[in-house]
Amino acid sequence: MPVRTMLLLCFAPFVIGALHGCGGDDGGGDTSGGSSLGECPPDSTAQAEAGYQALQDQCVPCHLTTSVGASRINAPEDVNVDDPASVRAEAEEIFEEIQIGGANGADGMPIGVKLSDDTIEAIRVFLACDAAK
Ligand code: HEC
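Residues numbered from 1 in each chain as written. Predicted model: local features only at pLDDT ≥ 70, side-chain atom pairs only at ≥ 80, totals over all residues. Heavy atoms only, no water.

**Here's the deal with the coordination of the iron atom of the ligand**
Okay, so step 1: Around the iron atom of the ligand, the protein contributes the donor atoms His-63 (NE2) and Met-109 (SD), which lie 2.0 to 2.2 Å from the metal centre.
Okay, so step 2: Considering all six donor atoms around the iron atom of the ligand, the spread of angles at the metal, 87 to 177 degrees, places the coordination shape in the octahedral class. Of this pair, His-63 sits in the loop between helix H2 (45-58) and helix H3 (84-89) while Met-109 sits in the loop between helix H4 (91-100) and helix H5 (117-131); the two residues are 46 residues apart in sequence, bridging distant segments of the chain. (Donors = N, O, S within 2.8 Å, 3.2 Å for Na, K, Ca; no water. Tetrahedral: all angles 85-135°; square planar, octahedral: opposite > 155°, others 65-115°. Helix = DSSP H or I, 4+ residues; strand = E, 2+ residues; numbered from the N terminus.)

Take a look at the structure:
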């Protein structure tokens, strides 16, 4: 089967929102590019580091394990950028949300802000490389 057809078969379930893609997990540990996060590029340590930092800078105070009550502003309890297990579990959801962004009332993240393309790409690289570990 041509690689492109296989990729389409892998991606289609994500598009329709059912997270039963290739391998049956949510992309964790999949280095083949079968997740919506795409590839972890070679020599991307610095970019991944910038992506990690952007998450720590941009998603506060709402998505921290230490943030409770009013400062959490109702952010879901299972999305915490300072908790590596949470970031891995929510990686694809995080990437989807920041691609949409929250500018002009859009339904993405961060609320009210659309991150720059460079920052979105850095976060993608961090998530893809982290998931590949
Ligand atoms: C000002 C507070 C605030 C900031 C900053 C913020 N979020 Fe959120 N986030 C929320 C709230 C409130 C929700 C729940 C309501 C919603 O989904 O819109 C949420 C939901 C989410 C969800 C779950 C969406 C879903 O449909 O289940 C993800 C993933 C997420 N945020 C990621 C992020 C990331 C990544 C950042 C930083 C780049 C970020 N958020 C910044 C408040 C925030």
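**What about the packing of H2 against H5?**
For any two helices packed against each other, one specifies the crossing angle of their axes together with the interaxial distance.
Okay, so step 1: As a packed pair, H2 and H5 sit with axes 7 Å apart at the nearest point and diverge in direction by 105 degrees. Classified by the angle their axes make, H2 and H5 are roughly perpendicular. Together, Gln-47, Ala-48, Ala-50, Gly-51, Tyr-52, Ala-54 and Leu-55 of H2 and Thr-119, Glu-121, Ala-122, Ile-123, Val-125, Phe-126 and Leu-127 of H5 make up the contact between the two elements.
Okay, so step 2: Among the residues forming the contact of H2 with H5, the class breakdown is 10 nonpolar, three polar and one charged. (Axes fitted to C-alpha atoms, helices over the stretch in contact; angles between N-to-C directions. Parallel < 35°, antiparallel > 145°, perpendicular 65-115°, else oblique. Contact = heavy atoms within 4.5 Å. Nonpolar A, V, L, I, M, F, W, Y, C, P; charged D, E, K, R; others polar.)

**A look at the state of the cysteines**
Okay, so step 1: One pass over the structure, following the stated rule, counts one disulfide.
Okay, so step 2: Here Cys-40 connects covalently by a disulfide to Cys-129, the sulfurs 2.1 Å from one another. Because the torsion about its S-S bond is 100 degrees, the bridge between Cys-40 and Cys-129 counts as right-handed. With a gap of 89 residues between them, Cys-40 in the loop between helix H1 (3-15) and H2 and Cys-129 in helix H5 connect regions that are remote in the sequence.
Okay, so step 3: The class for Cys-129 is buried, based on a relative accessible area of 12%. (Disulfide = S-S within 2.5 Å. Buried < 20%, exposed > 50% of the residue type's maximum accessible area, 1.4 Å probe, protein only.)

**Considerations on the packing of aromatic side chains**
Okay, so step 1: A full pass over the atoms with the stated rule returns one aromatic pair.
Okay, so step 2: Ring centres 5.5 Å apart and planes at 65 degrees place the aromatic pair Tyr-52 and Phe-126 in the edge-to-face group. Linking Tyr-52 in helix H2 with Phe-126 in helix H5, this pair joins segments that are 74 residues apart in sequence.
Okay, so step 3: Judged by its relative accessible area of 34%, Tyr-52 is partly exposed.
Okay, so step 4: A relative accessible area of 12% places Phe-126 in the buried class. (Phe/Tyr/Trp six-rings, centres within 6.5 Å; stacked < 30°, edge-to-face > 60°.)

**Describing the pattern of salt bridges**
Okay, so step 1: Using the criterion set out here, one finds two salt bridges in the structure.
Okay, so step 2: We note a salt bridge from Arg-88 to Asp-130, for which the minimum N-O separation is 2.9 Å. Within this pair, whereas Arg-88 is found in helix H3, its partner Asp-130 is found in helix H5, the two being separated by 42 residues in sequence.
Okay, so step 3: A relative accessible area of 9% means that Asp-130 is categorised as buried.
Okay, so step 4: A salt bridge links Glu-121 to Arg-124, with the nearest nitrogen and oxygen atoms 3.0 Å apart. Note that Glu-121 and Arg-124 are positioned in helix H5 at a spacing of three residues, about one turn of the helix.
Okay, so step 5: For Glu-121, a relative accessible area of 31% translates into the label partly exposed. (Salt bridge = Lys/Arg side-chain N within 4 Å of Asp/Glu carboxyl O.)

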